[in-house]
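So the chains spell out like this:
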Amino acid sequence: MKEPSHTDILIIGGGMAGGLMALLLAEQGIAVRVLDGAPMPVCPAGAPALRVSTLSEASHWLLRHAGAWAHLDAARVQAYRHMRVWDQDGTGEVAFDAAELGAPALGWLLENDNLTAALYRAAAAHAHLDWRCDVAVTGVRRAGQGWQVLTDSEVLSADLVIGADGARSLVREAAGIPAAPRDSGHHALVATVETDRPHGACARQVFMESGPLALLPLFSPPDGGQGHRCSIVWSAWPQRIEELMALDDAAFGAALTQATGEALGAARLVSRRAVFAIQERHASSYIGPGLALIGDAAHVIHPLAGQGINLGLLDSGVLAEELVRARAAGLPLAHPGVLARYQRRRRADNLVMQGAMRGFKTLFERRELPVRWLRNSGLDLVNRLPPARHAFMVRALGRAGDLPLLAGPLPLSNETVDRGGE
Ligand SMILES: Cc1cc2nc3c(=O)[nH]c(=O)nc-3n(C[C@H](O)[C@H](O)[C@H](O)COP(=O)(O)OP(=O)(O)OC[C@H]3O[C@@H](n4cnc5c(N)ncnc54)[C@H](O)[C@@H]3O)c2cc1C
């Protein structure tokens, strides 16, 4: 029988987390193979795609470091320098400004496919990175000290398998690692809208009893654009989302305008609406013998603070760093101690973030007067206390400065995309 084709590291899933993982390893001269069941990722053209993500400074740093940021379609990336969060049911409001930290931006909004296409393009520069699209993994099984990975046409083997295959991870299942879904009680409706006034490079979020609504600044249309576009993520109880989906476009626009308190004047729908059921998960372990999980394969959190993939990209950064450390120490890459260090550095942090998202959701759902008073006072207090505001902003930026082994000299080219277009 033919010997399975072997690599030291095999990543299953070439999404945002898996793609970054592959580039960071290849950058360090570690041979790696990626298998993804989807076709080759392509950057959207024309109207904005519905799936977008806000990226933190830490994610931006990692993507620059991996050489992927320069491959983005820069015209489709929007930096945001301001953030405004308020309670619809009161007067509490907090505003953040990147200038207070001397940072160029608080974050960036881009289409998920712009990023995966950039990661894929950046991979072409690496001779020992073998990234295959349209190759779905159908099975994963333990073989000796390593793993065998089955596709429709071949059997591959690896010392270390990295599961980056999303919320319904086959790798996680094959390793017998539980990650039971937990209904968040919310669905998320996403769409592209146009508003009367420009977004001013500000990400806005209003908390309502039924759930939060984010109004996120999108890149300007290529014609220099009169249209002021935002992406919305409207999370709410399923029944409320059903009501919103049943409205015609004009009535939906009116509901949106009302919900945002006319923050940008009237809002009009300019795309279809799509709905995602939000099921949270957290794998009981991120590791197994010769195996590690990253990104949504390890954890799925409520999108209300736009942190999901930011956590996933940090997983990639930390795991890459631990593998580099192992190689420097002459340890096998799949050494249990190496994987345990990765888990120790990421799992507690991710659990805290997941818990915080649940806490926010519950806090803003409460109708009792004392709770409403407390949360509005809390928002105002944070707004009035610079140290508290700074602490929140630093957390949102998610500094990646604690990855010394990967850091090396930062690529200080002018590749930063800073389209702060008002
Ligand atoms: C409405 C909404 C809004 C969000 N907004 C934000 C935001 O603003 N900021 C943020 O940080 N996060 C956000 N998130 C979360 C973010 O989208 C996810 O965390 C992110 O997409 C997960 O990326 P991933 O690479 O881990 O997994 P995925 O994106 O799920 O990628 C998995 C990859 O694995 C491949 N794959 C799966 N199974 C197999 C198999 N058997 N064989 C081969 N390949 C396979 C798939 O083709 C895919 O390419 C949001 C989520 C939702 C639902």
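See above for the structure.
Structure report, in brief.

Rules of the game
Along each chain, the written sequence defines residue order, and numbers are assigned to residues from 1. Per-residue local features of the predicted model are confined to residues with pLDDT of at least 70, and side-chain atom pairs are confined, for both listing and counting, to 80 or more; whole-chain, interface and lining totals are unaffected and use all residues. To get the side-chain values, take all heavy atoms of the structure and skip hydrogens and water. Only DSSP runs of H or I reaching four residues or more are called helices, and only runs of E reaching two or more are called strands; each is numbered from the N terminus. Whether two residues touch is decided by their heavy atoms; if any such pair falls within 4.5 Å, the residues are in contact. Only a single heavy atom is needed: when it lies within 4 Å of a molecule or strand, its residue is near that molecule or strand. Two N or O atoms count as a polar contact when they lie within 3.5 Å, although within protein this holds only if one can serve as hydrogen donor and the other as acceptor, and sequence-adjacent residues are included solely when both atoms are side-chain atoms. Under the convention used here, a 1.4 Å probe and the Shrake-Rupley method define accessible areas, while residue burial counts only the protein chains that appear. Classification used: nonpolar for Ala, Val, Leu, Ile, Met, Phe, Trp, Tyr, Cys and Pro, charged for Asp, Glu, Lys and Arg, polar for all others including Gly. Each residue gets one of three labels from its accessible area relative to the maximum for its type: buried under 20%, exposed over 50%, partly exposed in between, using a 1.4 Å probe on protein chains only. DSSP bridges decide pairing: two strands pair if at least two such bridges lie between them. Between N-to-C directions, angles cover 0 to 180 degrees, with each direction set by a line fitted to C-alpha atoms, over the stretch in contact for helices. Criterion for a disulfide: a pair of cysteine sulfur atoms at a distance within 2.5 Å. Working definition: roughly parallel below 35 degrees, roughly antiparallel above 145 degrees, roughly perpendicular at 65 to 115 degrees, and oblique for all remaining angles. The sense of a crossing depends on the near helix, which, turned anticlockwise from the far helix by less than a right angle, makes the crossing left-handed and, turned clockwise, makes it right-handed. The pairing test for Phe, Tyr and Trp rings, Trp by its six-membered ring, is centres within 6.5 Å, and the orientation test on the planes gives stacked under 30 degrees, edge-to-face over 60, and tilted for anything in between.

### Some details on the overall build of the chain
For step 1, the next point in the chain: Looking only at helices and strands, one finds eleven helices and 20 strands in the chain.
For step 2, the next point in the chain: Put simply, of all contacts in the chain between residues at least 6 apart along the chain, 76% involve residues at least 24 apart.

### Some details on the site of the ligand
For step 1, the next point in the chain: Inspection of the region around the ligand gives 27 residues, with Asp36, Thr54, Val137, Asp296 and Ile309 positioned closest.
For step 2, the next point in the chain: The separation between an oxygen atom of the ligand and a polar side-chain atom of Arg51 is 3.1 Å.
For step 3, the next point in the chain: In this structure, Asn310 approaches the ligand through a main-chain N or O atom, which is 3.2 Å from an oxygen atom.
For step 4, the next point in the chain: Taken by itself the ligand offers 1,000 Å² of open surface, and the protein chains cover 80% of this.
For step 5, the next point in the chain: Contributions of two or more residues to the shell around the ligand are made by helix H1 (16–27), strand E3 (52–55) and helix H7 (308–328).
For step 6, the next point in the chain: Split by residue class, the shell around the ligand holds twelve nonpolar, eleven polar and four charged.

### Observations regarding the side chain of Ser157
For step 1, the next point in the chain: Considering the arrangement of structural elements, one finds Ser157 in strand E11 (residues 155–163).
For step 2, the next point in the chain: With a relative accessible area of 11%, Ser157 lands in the buried category.
For step 3, the next point in the chain: For Ser157, the contacting residues outside a window of four places in its chain are Pro4, Ser5, His6, Thr7, Leu10, Trp147 and Gln148.

### Details of the sheet that holds strand E7 (residues 107–111)
For step 1, the next point in the chain: Strand order in this open sheet of three strands is E3-E7-E4, and the pairing throughout is antiparallel. Looking along the sheet, the strands with just one partner apiece sit at the ends: E3 and strand E4 (78–80). Strand-to-strand, the axes of this sheet are offset by a mean angle of 25°, without reference to chain direction.
For step 2, the next point in the chain: As paired elements, E3 and E7 share four bridges and run antiparallel to each other. Its bridge partner lying in E7, Thr54 is registered against Leu109.

### Observations concerning the pairing of strand E9 (residues 137–143)
For step 1, the next point in the chain: With six bridges connecting them, E9 and strand E10 (residues 146–151) associate as antiparallel partners. Bridged to Arg142 within E10 is Trp147.
For step 2, the next point in the chain: Linkage of E9 to E10, two consecutive antiparallel strands, is achieved through a turn of two residues, within which Gly144 is found at a positive phi near 65°.

### Topic: unusual backbone geometry
For step 1, the next point in the chain: Positive phi values are uncommon outside glycine, yet Asp134 reaches one of about 60°.
For step 2, the next point in the chain: Mapped onto the elements, Asp134 comes out in the loop between strand E8 (129–132) and E9.
For step 3, the next point in the chain: A positive phi is found at Ala201, a non-glycine position, where the angle reads about 55°.
For step 4, the next point in the chain: Tracing the chain through its elements places Ala201 in the loop between strand E12 (182–195) and strand E13 (202–208).

### Here's the deal with the state of the cysteines
For step 1, the next point in the chain: The final tally for this structure, using the stated rule, is zero disulfides.
For step 2, the next point in the chain: The thiol sulfur of Cys202 is not disulfide-bonded, and the nearest other cysteine sulfur, from Cys230, lies at 9.2 Å.
For step 3, the next point in the chain: Judged by relative accessible area, which is 7%, Cys202 ranks as buried.
For step 4, the next point in the chain: You can call Cys230 buried: its relative accessible area is 1%.

### Considerations on the pairing of E12
For step 1, the next point in the chain: Relative to strand E17 (residues 274–282), E12 runs antiparallel, the two sharing six bridges. Each residue of the ladder has a partner; that of Ala188, found in E17, is Phe276.
For step 2, the next point in the chain: As paired elements, E12 and strand E16 (residues 267–269) share three bridges and run antiparallel to each other. Note that in E16 the partner of Glu194 across the bridge is Arg268.

### Let's talk about helix H6 (residues 249–259)
An α-helical turn contains 3.6 residues, so any two residues separated by three or four positions project in the same direction.
For step 1, the next point in the chain: Those residues of H6 lying buried are Phe252, Gly253, Ala255, Leu256, Thr257 and Ala259.
For step 2, the next point in the chain: For H6, the secondary structure elements touched by its buried residues are E12, E13, strand E14 (211–217), strand E15 (228–236), helix H5 (238–246) and E16.
For step 3, the next point in the chain: The backbone nitrogen of Ala250 lies 3.2 Å from a side-chain oxygen of the residue at the head of H6, namely Asp248.
For step 4, the next point in the chain: Taken from the residues just after H6, Gly261 is the one with a positive phi, measuring 60°.

### Some thoughts on the packing of H1 against H7
For step 1, the next point in the chain: At their nearest, the axes of H1 and H7 sit 9 Å apart, and the two run at 25° to each other. What the angle tells us is that H1 and H7 run roughly parallel. When you trace H1 past H7, the crossing you get is right-handed. For the pair H1 and H7, the contacting residues are Met16, Ala17, Leu20, Met21, Leu24 and Leu25 in the first and Ile309, Gly312, Leu313, Ser316, Gly317, Leu319, Ala320 and Leu323 in the second.
For step 2, the next point in the chain: Residue composition of the contact of H1 with H7, grouped by class: eleven nonpolar, three polar and no charged.

### Topic: the packing of aromatic side chains
A ring pair, where both rings are aromatic, is described by two values, the distance of the centres and the angle of the planes.
For step 1, the next point in the chain: The full count for this structure, using the stated rule, is four aromatic pairs.
For step 2, the next point in the chain: A ring pair is formed by Trp234 and Phe252, whose centres lie 5.9 Å apart and whose planes are at 50°; its orientation type is tilted. A residue pair is termed long-range when its members are at least 10 positions apart, and Trp234 in strand E15 and Phe252 in helix H6 qualify at 18 residues. Like Trp234, the residue Phe252 is buried in the burial classification.

### Considering the packing of H1 against helix H3 (residues 112–123)
The axes of two packed helices give the description: the angle between them and the distance between them.
For step 1, the next point in the chain: Contact pair H1 / H3: the axes reach a minimum separation of 10 Å and the direction vectors enclose 25°. Taken together, the axes of H1 and H3 lie roughly parallel to each other. Crossing of H1 against H3: the hand is left-handed. Counting all contacts with H1, which are made through Met16, Gly19, Leu20 and Leu23, the residues of H3 involved are Asn112, Leu115, Thr116, Leu119, Ala122 and Ala123.
For step 2, the next point in the chain: Broken down by class, the residue content of the contact of H1 with H3 amounts to seven nonpolar, three polar and no charged.

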